[in-house]
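Listed below are the residues making up each chain.
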Amino acid sequence: MTLINSKLKTQNSKPTKPHIIVRDLTMAYGTNVIQRDLTFNVNQGDIFIIMGGSGCGKSTLLRHLIGLQTPAKGQVFYGDVSLWDMDPDERERFMRRFGILYQSGALWSSMTLAENIGLTLEEYTDLSHSEISEIASFKLALVGLAGFEDYYPSEISGGMKKRAGLARAMALDPEILFFDEPSAGLDPISARLLDDLILELRDSLGSTIVVVTHELASIFAIGNNSVFLDGETKTMIATGDPKKLLAECRNPTVHAFLTRGEPGKG
Amino acid sequence: MDKPSEKGQISSGLSFSRQAEGILVIELAGNWTINDKLPPLSDVQKEVEKGLLPVQIVFDAKDLGKWDSGLLTFLVKLIEICSQKDIQVQKDGLPQGAQRLLHLAFAVPERKGDRKESSRLSFLAKTGDSAVMFWKSIFEMITFVGQVSVAFIKMLTGKARFRGSDLLLIIQECGADALPIISLISILVGLILAFVGSIQLKMFGAQIYIADLVGIAMARAMAAVMTGIVMAGRTGASFAARIGTMQVNEEIDALKTSGISPMEFLVLPRILALSIMLPLLTLYADLMGILGGLIVGVVGFDISFIEYYNETKSSLTLTNIWIGLVSAFVFGVLVALAGCLRGMQCGRSASAVGDATTSAVVTGIVSIVVATAVITVVCNVLGI
């Protein structure tokens, strides 16, 4: 069976310039290919969704975008520079422009929340201690955790860890924010609040945001661009605005995913 | 929704009847649960192969009692066999629930290449694999030592990034907190050395030399080796578990993407802390060991405290103590390296953390023993 690649181009009214450009990316663990020939653009100010069924390589794609895993083939460009052609030191410096919210929060367990947020500020800015702790408190307040500065990650709940992780990701006011399954393990209302927060961040800071998720509600609420990875054919089968994909994409897998149709919703 | 109906407690039964035009009717009766003794599938196979191959199989389940996965797995196997032989299976006669579950089981076809292949390798291939793996692990170790050296040089030039408070905390954990166990172990080692030696020395009335024996043995080798082994089990394991768990929680990834090198931030303070604290602990263990010997001498062999003290003082040279301290420093570096290396290599599961911890202790102890041998030979050659 051949699947037709239905690549829909985003036709936004305002001209946008691509922020992240992925070209012919092939990802593999050893000889085991996860996804091949991925080609898509993430535009400045997009909320870009990486979606697809469980185990199709969404998080792996994220790890390639943020410089944690080397591609088997292909390129990831940020503007004009290729992430994987930089030498390691340069890449390390470049990665400071990213803010990343990991699936489990990944807060440093030996530090308090304020120290978690303050660490990168201490390293990369000349701010004084009191200024850093003010910023940390402010970021915690933004995610609804005012007053939790001196708590250790093990002392707070899963949802709070996620929010604290988000506060840490925002510490350096990054150009690009990456979210790995932000709403997984959150109750519907918290998930909704997190979505609102993501939209707010894009609108107020103008950050580009990349979200790995398979929560349909979030996908339609926040996404304005996306890529759909298929585990069966091991490549992308659609890209574009998820709402347009729902209306126009005739690929059965994409359609089934976006409508929760058919058994095995993915 | 029809629940598995509850009929009498009859045991599971299987009987067959043939209808015209190659239709085989399978009658299921009684309870078909995993706790019942189910009829073997071979009964059906025999029946199917008897005479003309049927075209279709239908079920009659009106006498079927309770059923669960026992019935379903039986049916799945049956359907698989029938599809190989091109026999149609009519599921209409089965209970509604069973029909739906069977439909679910066959709804998503097995993905090609998803099943793990249990490849049996030949002895030669396995040997080759192990050799390659061994070479790889050596290479990883050397790379790790290289990275640590780079981080160390960065620290000397003041560019390494780690928190002073972390270093102090680790120093406390692997130094002061280890004092009780080090005291106990080294007093006992001192006692044992004194007892073992005294049996020989007593035979020619040279009990006073217990002091020489214990003092020199502790200072030169025993204190450092025992402290090293205790720290490998205590602190090396804790380093591996700590860093391994951080690996599982993506904390190491978070450090990397924040542009903070885990080598500088996690590994460097641990190696520094242990290589400072192990010699200090060894010095303390020397003292405790001598105390152990003193107890045996004073209590068991009527040597006075002053005599024992003077004998120890005259026999124990600074060279002996130095050799012990240098060994301890080397052990400290080795144990910390082993712990951090295994932690950084840790996979992303709970069992991987366990493996990392085990491996850290084994690597630590083996490297202590090897290093002791090397140091002893070197001292011998140099004549110290």
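*Asks:* Hey, could you run me through the overall build of chain A in this one?
*Replies:* Along the backbone of chain A there are nine helices and 11 strands. In terms of its C-alpha atoms, chain A occupies a principal-axis envelope of roughly 60 × 45 × 40 Å. By the burial criterion, 52% of the 266 residues in chain A qualify as buried. Considering only residue pairs separated by 6 or more positions, chain A has 65% of its internal contacts joining residues 24 or more positions apart. Surface accessibility of chain A: about 12100 Å² in total, with carbon and sulfur atoms responsible for 51%. Taking the average place of the 26 positive charges on the side chains of chain A and the average place of its 33 negative ones, the gap between the two points comes to 9 Å.

*Asks:* Help me understand the overall build of chain B in this model?
*Replies:* Secondary structure assignment for chain B yields 12 helices and four strands. A globule of 384 residues ought to have a C-alpha radius of gyration of about 21 Å, yet chain B, at 35 Å, is considerably larger. Counting only contacts in chain B whose residues sit at least 6 apart along the sequence, the fraction spanning at least 24 positions is 81%. When the accessible surface of chain B is totalled, it reaches about 20800 Å², and 65% of it is carbon and sulfur. In chain B, 32 positive and 32 negative side-chain charges are present, and the distance between their average locations comes to 4 Å.

*Asks:* Is there a simple way to explain the pairing of strand β2 (residues 23-32) of chain B in this structure?
*Replies:* The two faces of the sheet receive side chains in turn, since in a regular strand these alternate between them. All names here are of chain B. Within β2, eight of the 10 residues are buried, which leaves the element mostly enclosed by the surrounding structure. Pairing between strand β1 (residues 13-19) and β2: seven bridges, direction antiparallel. Bridge assignment links Gly 13 to a residue of β2, and that residue is Ala 29. Connecting β1 to the next strand, β2, in antiparallel fashion are three residues, including Glu 21 with a positive phi near 55 degrees. With eight bridges joining them, β2 and strand β3 (residues 56-67) adopt parallel strand pairing. The residue of β3 that forms the bridge with Glu 27 is Asp 60. Handedness of the crossover is the feature at issue here: the chain leaves β2, passes through helix α1 (residues 41-49), returns alongside β3, and the resulting connection is right-handed.

*Asks:* Where do I start with the interface of chain B and chain A in this structure?
*Replies:* A common way to express how large an interface is: the accessible area buried when the components associate. The interface of chain B with chain A comprises 18 residues on the first partner and 25 residues on the second. When the two sides are added together, the surface that chain B and chain A hide from each other amounts to roughly 2000 Å², 51% of it contributed by carbon and sulfur. The shortest N-O distance in the salt bridge between Asp 253 of chain B and Arg 63 of chain A comes to 2.7 Å. Scanning the region where chain B abuts chain A turns up 11 residue pairs in polar contact (both at pLDDT 80 or more). Mapped onto the side of chain B that touches chain A, the elements with two or more residues apiece are α7 (210-248) and α8 (251-257) of chain B. Among the elements that line the side of chain B that touches chain A, the one with the most residues is α8 of chain B, at six residues.

*Asks:* Teacher, can you tell me more about the packing of aromatic side chains here?
*Replies:* Two numbers describe a pair of aromatic rings. These are the distance of the centres and the angle of the planes. Evaluation of the coordinates by the stated rule reveals eight aromatic pairs over all chains. Chaining the aromatic ring pairs together yields one cluster made of Tyr 78, Phe 94, Phe 98 and Phe 178 of chain A. Above the face of the Trp 108 of chain A ring, Arg 168 of chain A is positioned so that its terminal group lies 4.2 Å from the ring centre. The ring of Phe 239 of chain B carries the charged tip of Arg 270 of chain B above its face, separated from the ring centre by 5.4 Å.

*Asks:* Explanation requested: unusual backbone geometry in the structure shown.
*Replies:* Generally, phi is negative for residues other than glycine and the peptide bonds are trans, each holding for most cases. Residue and element names in this part refer to chain A. Of note in the backbone geometry, Ala 106 takes a positive phi value of approximately 50 degrees without being a glycine. Relative to the assigned elements, Ala 106 resides in the loop between β7 (98-101) and α3 (113-124). Ala 106 gets classed as buried once you look at its relative accessible area, which sits at 3%.

*Asks:* Explanation requested: the domain arrangement of chain B in the structure shown.
*Replies:* Domain annotation for chain B reports domain 1 (13-107) and domain 2 (159-382). Its C-alpha centre places domain 1 of chain B at a distance of 68 Å from the equivalent point of domain 2 of chain B.

*Asks:* Got a minute to help me understand the layout of surface pockets in this structure?
*Replies:* All names here are of chain B. Considering only enclosed or pocket space, the largest pocket measures out at about 1100 Å³ in volume. Contributing to the lining of the largest pocket are 32 residues, with Gln 147, Lys 256, Pro 262, Met 263 and Met 344 lying nearest its centre. Residue classes in the lining of the largest pocket are distributed as 14 nonpolar, eight polar and 10 charged.

*Asks:* Explanation requested: the pattern of salt bridges in the structure shown.
*Replies:* Opposite charge on two side chains permits pairing when their charged atoms draw close. One pass over the structure, following the stated rule, counts 14 salt bridges over all chains. Two residues, Arg 161 of chain B and Glu 92 of chain A, come together in a salt bridge whose shortest N-O distance is 3.4 Å. On the criterion of chain membership, the pair formed by Arg 161 of chain B in the loop between α4 (123-156) and α5 (164-174) and Glu 92 of chain A in helix α2 (residues 88-95) is interchain, its members lying in two chains. Here Asp 173 of chain A makes a salt bridge to Lys 139 of chain A, at a shortest N to O gap of 2.7 Å. Residue Asp 173 of chain A is found in the loop between α5 (158-169) and β8 (176-180), and its partner Lys 139 of chain A is found in helix α4 (residues 129-142); the two are separated by 34 residues along the sequence. Owing to a relative accessible area of 5%, Lys 139 of chain A belongs among the buried residues under this scheme.

*Asks:* What should I look at first to understand the environment of Gln 247 of chain B in this one?
*Replies:* Residues and elements named next belong to chain B. Along the polypeptide, Gln 247 turns up in helix α7. By relative accessible area, Gln 247 is classed as buried at 9%. Sequence separation between Gln 247 and Gln 345 is 98 residues, and the spatial gap between their C-alpha atoms is 8.6 Å. Residues in contact with Gln 247, not counting those within four places in the same chain, are Ile 252, Gly 343, Met 344, Cys 346, Gly 347 and Arg 348. Within polar-contact distance, the side chain of Gln 247 engages the backbone oxygen of Met 344 at 2.8 Å.

*Asks:* It is not clear to me how α4 of chain B should be interpreted in this structure. Could you clarify?
*Replies:* Because an α-helix packs 3.6 residues into every turn, residues spaced three or four apart end up facing the same way. All names here are of chain B. A rise of 1.5 Å per residue sets the reference length of α4, with its 34 residues, at 50 Å; its end C-alpha atoms lie 49 Å apart and thus fit the reference within 8%. Regarding α4, the residues found buried are Phe 144, Val 148 and Ala 151. Residues of α4 that are buried sit in contact with α9 (262-301) and α11 (318-344). Directly beyond the C-terminal end of α4, a positive phi value near 75 degrees is found at Gly 158.

*Asks:* Would you mind going over the confidence of the model for chain A with me for this structure?
*Replies:* When pLDDT drops low, the exact placement of atoms in the prediction is not to be read closely. All names here are of chain A. Residues of chain A with pLDDT of at least 70 account for 92%, and the chain-wide mean is 83. Across chain A, the secondary-structure element scoring lowest on mean pLDDT is strand β1 (residues 6-7), at 38, and the one scoring highest is strand β9 (residues 208-212), at 91. Counting interchain partners and residues more than four positions distant, the pLDDT-below-50 stretch residues 1-14 has 24 contacts. Confidence drops under a pLDDT of 50 for residues 262-266, and excluding neighbours within four residues, the segment shows six contacts in the predicted structure.

So, how was this worked out
- Residues numbered from 1 in each chain as written.
- Chains lettered and ligands numbered in written order.
- Predicted model: local features only at pLDDT ≥ 70, side-chain atom pairs only at ≥ 80, totals over all residues.
- Heavy atoms only, no water.
- Helix = DSSP H or I, 4+ residues; strand = E, 2+ residues; numbered from the N terminus.
- Buried < 20%, exposed > 50% of the residue type's maximum accessible area, 1.4 Å probe, protein only.
- Contact = heavy atoms within 4.5 Å.
- Areas by Shrake-Rupley, 256 points an atom, 1.4 Å probe, with all protein chains shown as cover.
- Lys, Arg positive; Asp, Glu negative; His and termini not counted.
- Charge placed at Lys NZ, Arg CZ, Asp CG, Glu CD.
- Rg over C-alpha atoms; globule rule 2.2 N^0.38 Å.
- Pairing = 2+ DSSP bridges.
- Right-handed = clockwise from strand over helix to strand, strands pointing away.
- Buried area = accessible area lost by both parts, 1.4 Å probe.
- Salt bridge = Lys/Arg side-chain N within 4 Å of Asp/Glu carboxyl O.
- Polar contact = N/O pair within 3.5 Å; in protein donor to acceptor, adjacent residues only side chain to side chain.
- Phe/Tyr/Trp six-rings, centres within 6.5 Å; stacked < 30°, edge-to-face > 60°.
- Lys NZ or Arg CZ within 6 Å of the ring centre and 35° of its normal.
- Domains from an automatic or database assignment.
- 1 Å grid on protein atoms, 1.4 Å probe; cavity = no way out; pocket = protein on both sides within 12 Å on 5 of 7 lines; lining within 4 Å.
- Points joined across faces, edges and corners; volume = space filled by probe spheres on them.
- Nonpolar A, V, L, I, M, F, W, Y, C, P; charged D, E, K, R; others polar.
- Expected span 1.5 Å × (residues − 1).
- pLDDT = per-residue confidence, 0-100.

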